[in-house]
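# Structural characterization, general
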Amino acid sequence: MESPRWHGGRVYFSDWSAGEVVAADPDGRSEVVARVESLPLCTAWLPDGGLVVVDSPGGRLLRREDDGSLAVHAELGRTGWNDIVVDGRGNAYVNRPGFDPMAGEEFRPGSVFLAAVDGTVREVAGDIAFPNGMAVTPDGSTLIVADSYRGDLVAFEIGAGGGLSGRRVWADLGDGTPDGICVDADGAVWYADVPHKRCVRVAEGGEVLDTVELDRGAFACVLGGPAGTTLFITAAEWQGMTEPEPVRPGSGRVLVTDVEVPGAGWP
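The following paragraphs examine the structure supplied in this document. This structure is a prediction, so every number in the text was calculated from the model and none was measured.

Once that is clear, we can look at the overall build of the protein chain. Assigned secondary structure in the protein chain consists of zero helices and 23 strands. The C-alpha atoms of the protein chain give a radius of gyration of 17 Å, which matches the 18 Å a tight globule of 267 residues would have. If you line up the protein chain on its principal axes, its C-alpha atoms span 40 × 40 × 40 Å. Taken across its 267 residues, the protein chain has 54% of its residues classed as buried. Here the contacts in the protein chain between residues at least 6 apart in sequence split such that 40% fall between residues at least 24 apart. Accessible area for the protein chain stands at about 11,300 Å²; split by element, carbon and sulfur atoms hold 46% of it. Charged side chains in the protein chain number 21 positive and 41 negative. The centres of these two groups are separated by 3 Å.

Further remarks concern unusual backbone geometry. Most of the time, phi is negative for any residue but glycine, and the peptide bond is trans. For the peptide bond that leads from Leu39 to Pro40, omega is 0 degrees, which places it in the cis range. Within the secondary structure, Pro40 is located in the loop between β4 (30-35) and β5 (43-45). Following Trp266, the chain continues into Pro267 via a peptide bond in cis, with omega recorded as 5 degrees. The topology assignment puts Pro267 in the segment after β23 (253-258). With a phi close to 50 degrees, Ser3 is a non-glycine residue in the positive phi region. Its place among the elements puts Ser3 in strand β1 (residues 2-7). Residue Asp127 is not a glycine yet carries a positive backbone phi of 55 degrees. By the secondary structure assignment, Asp127 is in strand β12 (residues 121-128).

Turning our eyes to something else, we now look at the pattern of salt bridges. Scanning the model with the defined rule gives 16 salt bridges in all. Ionic pairing is found between Arg29 and Asp25, a salt bridge with its closest N-O pair at 2.9 Å. On the basis of relative accessibility, which here comes to 18%, the residue Asp25 falls in the buried class. When salt bridges with common partners are traced through the structure, they connect Asp25, Asp27 and Arg29 into a single cluster.

Criteria and cut-off values
- Residues numbered from 1 in each chain as written.
- Predicted model: local features only at pLDDT ≥ 70, side-chain atom pairs only at ≥ 80, totals over all residues.
- Heavy atoms only, no water.
- Helix = DSSP H or I, 4+ residues; strand = E, 2+ residues; numbered from the N terminus.
- Rg over C-alpha atoms; globule rule 2.2 N^0.38 Å.
- Buried < 20%, exposed > 50% of the residue type's maximum accessible area, 1.4 Å probe, protein only.
- Contact = heavy atoms within 4.5 Å.
- Areas by Shrake-Rupley, 256 points an atom, 1.4 Å probe, with all protein chains shown as cover.
- Lys, Arg positive; Asp, Glu negative; His and termini not counted.
- Charge placed at Lys NZ, Arg CZ, Asp CG, Glu CD.
- Salt bridge = Lys/Arg side-chain N within 4 Å of Asp/Glu carboxyl O.

See below:
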(Lines give C-alpha, C1' and ligand atoms only; values in the text may rest on other atoms or scores of the structure.)
Protein backbone atom coordinates (compact mmCIF):
# COMPACT_ATOMS: atom_id res chain seq x y z
CA MET A 1 0.00 0.00 0.00
CA GLU A 2 1.54 3.28 -1.10
CA SER A 3 1.02 6.71 -2.64
CA PRO A 4 -2.09 7.99 -0.80
CA ARG A 5 -3.68 10.99 -2.49
CA TRP A 6 -6.84 12.95 -1.55
CA HIS A 7 -8.90 14.17 -4.49
CA GLY A 8 -12.56 14.96 -5.10
CA GLY A 9 -13.80 13.61 -1.78
CA ARG A 10 -12.01 10.28 -2.03
CA VAL A 11 -8.67 8.88 -0.96
CA TYR A 12 -6.66 7.18 -3.70
CA PHE A 13 -3.90 4.69 -2.99
CA SER A 14 -1.79 2.12 -4.83
CA ASP A 15 -1.79 -1.60 -4.17
CA TRP A 16 1.66 -2.37 -5.53
CA SER A 17 1.32 -6.14 -5.33
CA ALA A 18 -1.95 -6.16 -7.29
CA GLY A 19 -0.85 -3.40 -9.70
CA GLU A 20 -3.98 -1.39 -8.92
CA VAL A 21 -4.80 2.22 -8.11
CA VAL A 22 -7.84 2.23 -5.83
CA ALA A 23 -10.21 5.04 -4.78
CA ALA A 24 -12.23 4.82 -1.57
CA ASP A 25 -14.91 7.15 -0.20
CA PRO A 26 -15.56 7.95 3.48
CA ASP A 27 -18.26 5.25 3.62
CA GLY A 28 -15.77 2.55 2.67
CA ARG A 29 -16.92 2.02 -0.91
CA SER A 30 -13.96 1.48 -3.22
CA GLU A 31 -13.20 0.92 -6.88
CA VAL A 32 -10.14 0.17 -8.97
CA VAL A 33 -9.52 3.21 -11.20
CA ALA A 34 -6.35 2.05 -12.97
CA ARG A 35 -4.32 -1.12 -13.45
CA VAL A 36 -0.59 -0.85 -14.17
CA GLU A 37 1.89 -3.68 -13.64
CA SER A 38 4.52 -1.50 -12.03
CA LEU A 39 6.61 -1.74 -8.89
CA PRO A 40 6.71 0.93 -7.52
CA LEU A 41 3.31 2.34 -8.49
CA CYS A 42 3.02 6.04 -7.57
CA THR A 43 0.49 8.64 -8.65
CA ALA A 44 -0.23 12.38 -8.73
CA TRP A 45 -3.00 14.73 -9.85
CA LEU A 46 -2.58 17.30 -12.61
CA PRO A 47 -4.07 20.80 -12.20
CA ASP A 48 -6.76 19.92 -14.77
CA GLY A 49 -7.90 16.98 -12.63
CA GLY A 50 -6.15 14.24 -14.58
CA LEU A 51 -4.49 11.37 -12.76
CA VAL A 52 -0.93 10.46 -13.75
CA VAL A 53 0.68 7.13 -12.88
CA VAL A 54 4.37 6.27 -12.88
CA ASP A 55 5.01 3.17 -15.00
CA SER A 56 8.44 2.36 -13.55
CA PRO A 57 9.46 -0.65 -15.70
CA GLY A 58 8.03 1.01 -18.81
CA GLY A 59 9.84 4.30 -18.20
CA ARG A 60 6.68 6.33 -18.77
CA LEU A 61 4.19 8.61 -17.10
CA LEU A 62 0.68 7.47 -17.93
CA ARG A 63 -2.40 9.72 -17.81
CA ARG A 64 -5.84 8.35 -17.05
CA GLU A 65 -8.34 9.58 -19.65
CA ASP A 66 -12.03 10.29 -18.98
CA ASP A 67 -13.02 6.88 -20.33
CA GLY A 68 -10.62 5.13 -17.92
CA SER A 69 -7.99 4.31 -20.54
CA LEU A 70 -4.32 5.16 -20.02
CA ALA A 71 -2.38 7.37 -22.44
CA VAL A 72 1.31 8.26 -22.42
CA HIS A 73 1.79 11.61 -20.68
CA ALA A 74 5.60 11.66 -20.87
CA GLU A 75 8.39 9.33 -21.95
CA LEU A 76 10.95 9.19 -19.15
CA GLY A 77 13.53 7.36 -21.26
CA ARG A 78 14.70 4.74 -18.78
CA THR A 79 13.37 2.38 -16.12
CA GLY A 80 13.54 2.27 -12.31
CA TRP A 81 11.37 5.23 -11.24
CA ASN A 82 9.97 5.79 -7.77
CA ASP A 83 7.86 8.70 -6.48
CA ILE A 84 6.15 11.68 -8.12
CA VAL A 85 4.66 15.05 -7.24
CA VAL A 86 3.00 17.54 -9.61
CA ASP A 87 3.03 21.25 -8.77
CA GLY A 88 0.30 23.80 -9.43
CA ARG A 89 1.64 24.59 -12.91
CA GLY A 90 1.53 20.98 -14.07
CA ASN A 91 5.24 20.27 -13.82
CA ALA A 92 5.83 16.67 -12.69
CA TYR A 93 8.86 15.84 -10.54
CA VAL A 94 9.75 12.16 -10.66
CA ASN A 95 12.66 10.57 -8.85
CA ARG A 96 14.66 7.39 -9.18
CA PRO A 97 17.34 5.70 -7.09
CA GLY A 98 20.69 5.12 -8.75
CA PHE A 99 20.63 1.39 -8.07
CA ASP A 100 18.25 -1.50 -7.40
CA PRO A 101 18.70 -2.68 -3.80
CA MET A 102 16.34 -5.63 -4.33
CA ALA A 103 18.64 -6.90 -7.08
CA GLY A 104 21.74 -6.49 -4.92
CA GLU A 105 23.23 -3.75 -7.08
CA GLU A 106 26.06 -1.60 -5.75
CA PHE A 107 24.96 1.71 -4.22
CA ARG A 108 24.79 4.79 -6.40
CA PRO A 109 22.96 8.01 -5.43
CA GLY A 110 19.70 8.89 -7.11
CA SER A 111 18.20 11.88 -8.91
CA VAL A 112 15.09 13.99 -9.45
CA PHE A 113 13.83 14.60 -12.98
CA LEU A 114 11.38 17.18 -14.29
CA ALA A 115 8.71 16.16 -16.78
CA ALA A 116 7.71 19.68 -17.81
CA VAL A 117 4.39 20.87 -19.17
CA ASP A 118 5.94 21.18 -22.63
CA GLY A 119 6.76 17.45 -22.64
CA THR A 120 10.51 17.70 -22.10
CA VAL A 121 12.21 15.54 -19.46
CA ARG A 122 15.49 16.46 -17.79
CA GLU A 123 17.42 15.82 -14.60
CA VAL A 124 17.12 18.72 -12.16
CA ALA A 125 18.80 17.37 -8.99
CA GLY A 126 21.31 14.64 -8.18
CA ASP A 127 23.26 13.16 -5.27
CA ILE A 128 20.20 12.09 -3.27
CA ALA A 129 21.24 8.84 -1.60
CA PHE A 130 17.79 7.24 -1.89
CA PRO A 131 15.06 9.62 -3.08
CA ASN A 132 11.57 8.82 -1.82
CA GLY A 133 8.53 10.98 -1.08
CA MET A 134 8.29 14.53 -2.43
CA ALA A 135 6.09 17.54 -1.73
CA VAL A 136 5.70 21.11 -2.97
CA THR A 137 5.02 23.93 -0.51
CA PRO A 138 1.69 25.81 -0.72
CA ASP A 139 3.25 28.86 -2.39
CA GLY A 140 4.75 26.65 -5.09
CA SER A 141 8.27 27.91 -4.37
CA THR A 142 9.93 24.87 -2.82
CA LEU A 143 10.28 21.16 -3.57
CA ILE A 144 11.04 18.96 -0.56
CA VAL A 145 12.52 15.50 -1.14
CA ALA A 146 12.83 12.70 1.41
CA ASP A 147 16.30 11.11 1.36
CA SER A 148 15.70 7.82 3.14
CA TYR A 149 19.31 6.72 3.36
CA ARG A 150 20.68 10.00 4.75
CA GLY A 151 17.72 10.60 7.06
CA ASP A 152 17.14 14.10 5.68
CA LEU A 153 14.47 16.19 4.06
CA VAL A 154 16.20 18.14 1.28
CA ALA A 155 14.71 21.36 -0.15
CA PHE A 156 15.15 23.10 -3.50
CA GLU A 157 13.88 26.42 -4.84
CA ILE A 158 11.65 25.94 -7.90
CA GLY A 159 12.47 28.30 -10.77
CA ALA A 160 10.10 29.81 -13.33
CA GLY A 161 10.86 26.99 -15.78
CA GLY A 162 10.57 24.27 -13.18
CA GLY A 163 14.31 23.93 -12.59
CA LEU A 164 15.71 23.47 -9.09
CA SER A 165 18.38 25.49 -7.26
CA GLY A 166 19.47 26.52 -3.77
CA ARG A 167 19.75 23.01 -2.38
CA ARG A 168 19.66 22.83 1.42
CA VAL A 169 18.90 20.36 4.19
CA TRP A 170 15.38 21.33 5.24
CA ALA A 171 15.47 18.98 8.25
CA ASP A 172 17.94 16.50 9.68
CA LEU A 173 15.72 13.73 11.04
CA GLY A 174 18.31 12.00 13.21
CA ASP A 175 17.45 8.30 13.19
CA GLY A 176 14.35 8.95 11.06
CA THR A 177 13.94 7.10 7.77
CA PRO A 178 11.57 9.22 5.69
CA ASP A 179 9.45 7.62 2.97
CA GLY A 180 6.28 9.35 1.73
CA ILE A 181 5.71 12.95 2.85
CA CYS A 182 3.12 15.75 2.80
CA VAL A 183 2.99 19.40 3.86
CA ASP A 184 0.46 21.18 6.08
CA ALA A 185 -0.82 24.75 6.21
CA ASP A 186 1.72 25.73 8.86
CA GLY A 187 4.58 24.66 6.61
CA ALA A 188 5.41 21.56 8.64
CA VAL A 189 6.05 18.19 7.00
CA TRP A 190 4.59 14.83 7.94
CA TYR A 191 6.85 11.91 6.99
CA ALA A 192 6.13 8.20 7.06
CA ASP A 193 8.78 5.90 8.53
CA VAL A 194 8.77 2.18 7.73
CA PRO A 195 11.37 0.73 10.16
CA HIS A 196 10.23 2.87 13.09
CA LYS A 197 6.51 2.19 12.44
CA ARG A 198 5.39 5.79 12.77
CA CYS A 199 4.44 9.05 11.09
CA VAL A 200 6.21 12.16 12.37
CA ARG A 201 5.42 15.86 11.95
CA VAL A 202 8.50 18.08 11.85
CA ALA A 203 9.20 21.78 11.45
CA GLU A 204 11.91 23.14 9.20
CA GLY A 205 15.14 22.51 11.06
CA GLY A 206 13.98 19.14 12.38
CA GLU A 207 11.98 19.93 15.56
CA VAL A 208 9.51 17.08 16.17
CA LEU A 209 5.99 18.49 16.55
CA ASP A 210 3.88 15.32 16.66
CA THR A 211 4.22 11.55 16.30
CA VAL A 212 1.69 8.86 15.38
CA GLU A 213 2.84 5.40 16.45
CA LEU A 214 1.69 2.37 14.42
CA ASP A 215 1.83 -1.42 14.65
CA ARG A 216 3.38 -1.76 11.17
CA GLY A 217 5.57 0.17 8.80
CA ALA A 218 4.31 3.54 7.55
CA PHE A 219 5.07 3.90 3.84
CA ALA A 220 3.38 7.20 2.98
CA CYS A 221 0.88 9.76 4.26
CA VAL A 222 -1.35 12.54 3.00
CA LEU A 223 -3.69 15.08 4.57
CA GLY A 224 -7.26 15.19 3.32
CA GLY A 225 -10.86 14.67 4.34
CA PRO A 226 -13.60 17.33 4.37
CA ALA A 227 -11.59 19.71 6.56
CA GLY A 228 -8.15 18.65 5.34
CA THR A 229 -7.27 17.45 8.85
CA THR A 230 -7.48 13.69 8.32
CA LEU A 231 -4.07 12.06 8.03
CA PHE A 232 -4.30 9.05 5.73
CA ILE A 233 -1.43 6.58 6.21
CA THR A 234 -0.62 3.63 3.97
CA ALA A 235 1.00 0.95 6.11
CA ALA A 236 2.05 -2.70 5.96
CA GLU A 237 4.25 -5.22 7.74
CA TRP A 238 7.77 -4.84 6.36
CA GLN A 239 9.85 -8.03 6.14
CA GLY A 240 13.04 -6.68 4.58
CA MET A 241 14.46 -5.61 1.23
CA THR A 242 16.20 -8.94 0.62
CA GLU A 243 13.19 -11.11 1.46
CA PRO A 244 11.30 -12.85 -1.39
CA GLU A 245 8.25 -10.84 -0.32
CA PRO A 246 9.44 -7.58 1.32
CA VAL A 247 5.92 -6.87 2.60
CA ARG A 248 3.84 -9.56 4.31
CA PRO A 249 0.96 -10.42 1.95
CA GLY A 250 -2.39 -9.15 3.17
CA SER A 251 -0.92 -6.80 5.76
CA GLY A 252 -1.57 -3.56 3.85
CA ARG A 253 -3.88 -1.02 5.47
CA VAL A 254 -5.04 2.55 4.98
CA LEU A 255 -5.08 4.02 8.49
CA VAL A 256 -6.58 7.37 9.52
CA THR A 257 -6.16 9.79 12.39
CA ASP A 258 -7.36 13.34 12.99
CA VAL A 259 -4.81 16.14 13.32
CA GLU A 260 -5.12 19.87 14.04
CA VAL A 261 -3.48 21.55 11.03
CA PRO A 262 -4.97 20.93 7.56
CA GLY A 263 -3.00 19.91 4.52
CA ALA A 264 -1.70 22.36 1.94
CA GLY A 265 0.50 22.35 -1.12
CA TRP A 266 1.04 19.19 -3.15
CA PRO A 267 0.31 16.26 -2.95
